[in-house]
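# Secondary and tertiary structure notes
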Amino acid sequence: MESTEHRSCAYGLRHQTRCLSAIKSNDGKSRFIIGTQELLKANEIHLLAFDEDMFEITTTIFSHPHEIWDISASKDDPDLFFTCYKEIVNGKKMQSKASLWRMKQEEKNSEEIDQERLHHHEPRGELEHVLSLDVGDGTVKKVIWQDSTEVISVEDWRICIWDIDIKQGTAKLTGSIDAPDKNFMFTSAVMNPHSQEVVAVYGRSIQGWNLGSLKPTFTIKDSQPALILCIDYNPNRPFQIATGGDDCKVRIWDVRDPTAGPIMTIQDHTHWVWSVAYNKFHDQLVLTSSSDCQVNLQSIVSISTGADYKYGDASDTEQDLDEDSDLAENIPQDAPTDGLVQAFDQHEDSVYQVAWSSVDPWLFLSLSYDGRAVMNQVPSEEKFKIIMN
C-alpha cells in the first residue's frame, strides 16, 4: 500500500484482476470487493475498506475456487455478492457459472486488528455458497441485481430473469430475451434505475427491454462504427445512457430519440474503453477507464441534472429565454464546465473497471489487469465548484 501527494492510495494483489464492485456500507466507510482471475492458480476475493482518517486501505481475503470474470455486490446486504467464473469440468471442458456467495468474517477486537497490522497479516474470512444460476452450457458474463429477490444474468446469446430465494438457496428462471442479432453476442448490460427495464449492448447496437412484457422499449441500431464494450445508465436523469467502445470514444445518448445520434462524444482515451461509470450523487461526473492504462474523470455538466439547477428546466417560458443573456453573465467564472477534469495515470496495465464509492460522492476505485487497485478522490477544485454552484 502507498500514499502519494495527490492523496491517492494503492493496493497490490498478487494476481491478475478484471472486476470490482462497490458494496453497501452500514457504517459510512467505503468498501469494495475485487475478484482475481488466474486460470491454473487459487483465486481470491479481496474486501477493501478505506479508512478516511488514516487514509489507508485495509483488506480481508477470501478463497474463491475459480477464476472470476465478473463480480456484483448486493444493493441491500453488504455480505452478499455474485461472481461469474469458469471452471474445468471432467478435466477438460471449460464451463461458465454464476453463484451467489456470503462473506463470513471473524469478529475481532481493536487490539487483535492492531496486532495483525503490526505483523503485516491480512485477515482471512470464509465464503459460504448460497445458490447458483443454472445457465446450462451458456457463457454468463455478468449478473445484475434488480432487488433482493430478482436478478438478471447476461449470457453470450440471451438475457435471463431469475427469481431468487436467498433463505432457501434457490433460483428460478422466469423469462429470457434472445440476442436480436445472431452476428453479435451481448457484450454488457445495465438496469434502468428509473423503471423496470434492462438495457444491453451487442455489436454496435443498443437496445432496451421491459422486464414485464420482455418487449423492446427502444433500439439504437448500428449506433457507431466500432464495437461497444461497456454501458452505464444515468442514476439521476431518465433516458440518458453512456457507452464506451473500441474506437477510444465515450458517447452519451438520449434514448427517447434513437435516430438522433449521441448528444455528446468524448475522446480523451487512446485505446479501447472498458468501463464507464456515472456518479450517483453528482451525475455530471463520469469515470472512464481504458487499455491505455488511464482513468479519466469527465465533467458533462451541460447535459446533467446539474444543468437543471443552474439554468432551470428545459421547458421554461419565453420570459426565461429572454433572461438567458443576463443569466449567463451572472454565472460564476469558476462554475463547472464540460471537459476532462483530470487524467489519472497511476496504472501500468489495462484498466478494466472503475467504481464510485457507495457512500462517499468524491471517492472512487480503479483496477488494472496486473492487480493494482488505486483509490482516488475528485480534485478539491472541482468538488468546490460543484458544491458552490
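Residues numbered from 1 in each chain as written. Predicted model: local features only at pLDDT ≥ 70, side-chain atom pairs only at ≥ 80, totals over all residues. Heavy atoms only, no water.

## A short note on the environment of Asp349
Rule in force here: Elements are defined by DSSP. Helices are runs of H or I of four residues or more, strands are runs of E of two residues or more, and each kind is numbered from the N terminus. Partly exposed residues are those whose accessible area sits between 20% and 50% of the maximum for their type, while under 20% is buried and over 50% is exposed, using a 1.4 Å probe and protein chains only. Note on definitions: a residue-residue contact is assigned when non-hydrogen atoms from the two residues lie within 4.5 Å.
Here Asp349 is to be found in the loop between β26 (339–344) and β27 (351–356). Exposure remark for Asp349: the relative accessible area of 24% places this residue in the partly exposed category. A sequence separation of 59 residues divides Asp349 from Ser290, and the C-alpha atoms of the two residues are 9.3 Å apart. Look past the residues within four positions of Asp349 in its chain and what remains in contact with it is Cys293, Ser368, Tyr369 and Asp370.

## What about the environment of Ala277?
Mapping Ala277 onto the fold places it in strand β23 (residues 273–278). Aside from chain neighbours lying at most four places away, what touches Ala277 is Asp232, Leu285, Val286, Leu287, Val354 and Trp356.

## What about the sheet that holds β23?
Selection criterion: Only strands that DSSP links by at least two bridges are regarded as paired with each other. Axes here refer to lines fitted to C-alpha atoms; in helices the fit is confined to the stretch in contact. Angles between the N-to-C directions go from 0 to 180 degrees.
Taking strand neighbours across the sheet as the criterion, the four strands line up as β23-β24-β25-β26 in an open arrangement whose pairing is antiparallel. The two strands at the open ends of the sheet, each matched to only one other strand, are β23 and β26. The sheet shows a mean angle of 20 degrees between the axes of neighbouring strands, direction not considered. As defined by bridge partners, strand β24 (residues 285–290) adjoins strand β25 (residues 295–299) across five bridges and the pair is classed as antiparallel. The residue of β25 that forms the bridge with Ser289 is Val295.

## Brief notes about the nonpolar core
For the record, the criterion: Among buried residues, the Ala, Val, Leu, Ile, Met, Phe, Trp, Tyr and Cys ones that are joined through side-chain atoms within 4.5 Å form a nonpolar core.
The biggest cluster of nonpolar side chains holds 17 residues, and the ones touching the most others in it are Leu20, Ile34, Leu48, Phe50, Ile57, Leu365 and Met375. Put simply, the parts of the chain that give this core at least two residues each are β2 (9–12), β4 (30–36), β5 (43–51), β6 (56–64), β28 (363–368) and β29 (372–377). Setting aside residues no more than four positions away along its own chain, Ile34 makes contact with Leu13, Thr17, Cys19, Leu20, Glu44, Ile45, His46, Leu48, Ile71, Leu365, Leu367 and Ala373. Grouped together as the second largest cluster of nonpolar side chains are 16 residues, Leu80, Val135, Trp145 and Ile164 included.

## Some remarks on the pattern of salt bridges
Note the following rule: Definition used for salt bridges: Asp or Glu carboxyl oxygen within 4 Å of a side-chain nitrogen of Lys or Arg.
The full count for this structure, using the stated rule, is 11 salt bridges. With a closest N to O distance of 3.0 Å, Glu155 and Arg158 form a salt bridge. Judged by relative accessible area, which is 23%, Arg158 ranks as partly exposed. Its salt-bridge partner being Asp181, residue Lys221 comes within 3.4 Å of it at the nearest N-O pair. Of this pair, Lys221 sits in the loop between β18 (216–220) and β19 (228–233) while Asp181 sits in the loop between β14 (170–178) and β15 (186–191), placing them 40 residues apart in sequence. Put simply, Asp77, Arg102 and Glu128 are held in one network by salt bridges that share partners.

## A few points about the sheet that holds strand β11 (residues 140–147)
The strands making up a sheet are joined through hydrogen bonds of the backbone, oriented either antiparallel or parallel. Pairing is antiparallel across the open sheet formed by four strands, whose spatial order is β11-β12-β13-β14. This sheet does not close on itself; its edge strands, each paired only once, are β11 and β14. Looking at each pair of strands side by side, their axes are set apart by 25 degrees on average, direction ignored. Both strand β12 (residues 150–155) and strand β13 (residues 158–165) contribute to a ladder of five bridges, which runs antiparallel. Residue Ser153 lies in a different strand from β13, and its bridge partner there is Cys160.

## Let's talk about the confidence of the model for the protein chain
The line we're drawing: Confidence of the predictor in every single residue is expressed as pLDDT, which spans 0 to 100.
For the protein chain, per-residue confidence averages 89 on the pLDDT scale, and 88% of positions sit at 70 or higher. Across residues 1–5 the pLDDT falls below 50, and counting only partners more than four positions away or on other chains, this stretch makes nine contacts in the model. Low confidence marks residues 311–332, where pLDDT is under 50. Its contacts with residues over four positions away, or in another chain, come to eight contacts.

## Let's talk about the side chain of Thr60
Operational definition: Residues adjacent in sequence count toward polar contacts only when both atoms are side-chain atoms; beyond that, a polar contact is any pair of N or O atoms within 3.5 Å, and within protein one must be able to donate a hydrogen and the other to accept it.
Relative to the assigned elements, Thr60 resides in strand β6. Looking at Thr60, its side chain comes within polar contact range of the side chain of Gln105, at 3.5 Å. Excluding anything up to four places from it in sequence, Thr60 contacts Ile45, His46, Leu47, Gln105, Pro123, Arg124 and Gly125.

## Observations regarding unusual backbone geometry
Within the chain, Phe239 stands out as a residue other than glycine whose phi angle is a positive 75 degrees. By the element assignment, Phe239 lies in the loop between β19 and β20 (240–245). Positive phi, close to 75 degrees, is recorded for Cys248, a residue that is not glycine. Among the secondary structure elements, Cys248 is positioned in the loop between β20 and β21 (250–254).

## Here's the deal with helix α5 (residues 380–388)
Test applied: The arc refers to the directions leading from the helix axis to the C-beta atoms.
Burial in α5 covers these residues: Glu382, Lys385 and Ile386. Down the axis of α5, the smallest arc covering the buried residues is 95 degrees, so these residues share one side. For α5, the exposed residues set more than 90 degrees away from the buried face come down to Glu381 and Met388. In the core, the buried residues of α5 are packed alongside β24, β25 and β26.

## With respect to the packing of aromatic side chains
The line we're drawing: Any two of the Phe, Tyr and Trp rings considered here, Trp counted by its six-membered ring, make a pair once their centres fall within 6.5 Å; the pair's planes then place it as stacked at under 30 degrees, edge-to-face at over 60, or tilted in between. Only lysine NZ and arginine CZ atoms are considered, and such an atom sits over a ring when it is within 6 Å of the ring centre and within 35 degrees of the ring normal.
Within the structure shown, the criterion is met by nine aromatic pairs. With 5.1 Å between their ring centres and 85 degrees between their planes, Phe50 and Phe55 make a pair best called edge-to-face. In terms of burial, Phe50 and Phe55 fall into one category: buried. Their ring planes at 85 degrees and their centres at 5.8 Å tell us that Tyr352 and Tyr369 sit as a pair that is edge-to-face. Taken together, the residues span a long stretch of sequence, with Tyr352 in strand β27 and Tyr369 in the loop between β28 and β29 at a distance of 17 residues. Note on Tyr352: relative accessible area 16%, which makes it buried. The structure contains a cluster of three or more aromatic residues connected by ring pairs, namely Trp272, Trp274, Tyr352 and Tyr369. A cation over a ring is seen here: Arg18 above Tyr352, with NZ or CZ 4.1 Å from the ring centre. Here the basic side chain of Lys86 rests over the ring of Trp69, its NZ or CZ set 4.6 Å away from the ring centre.

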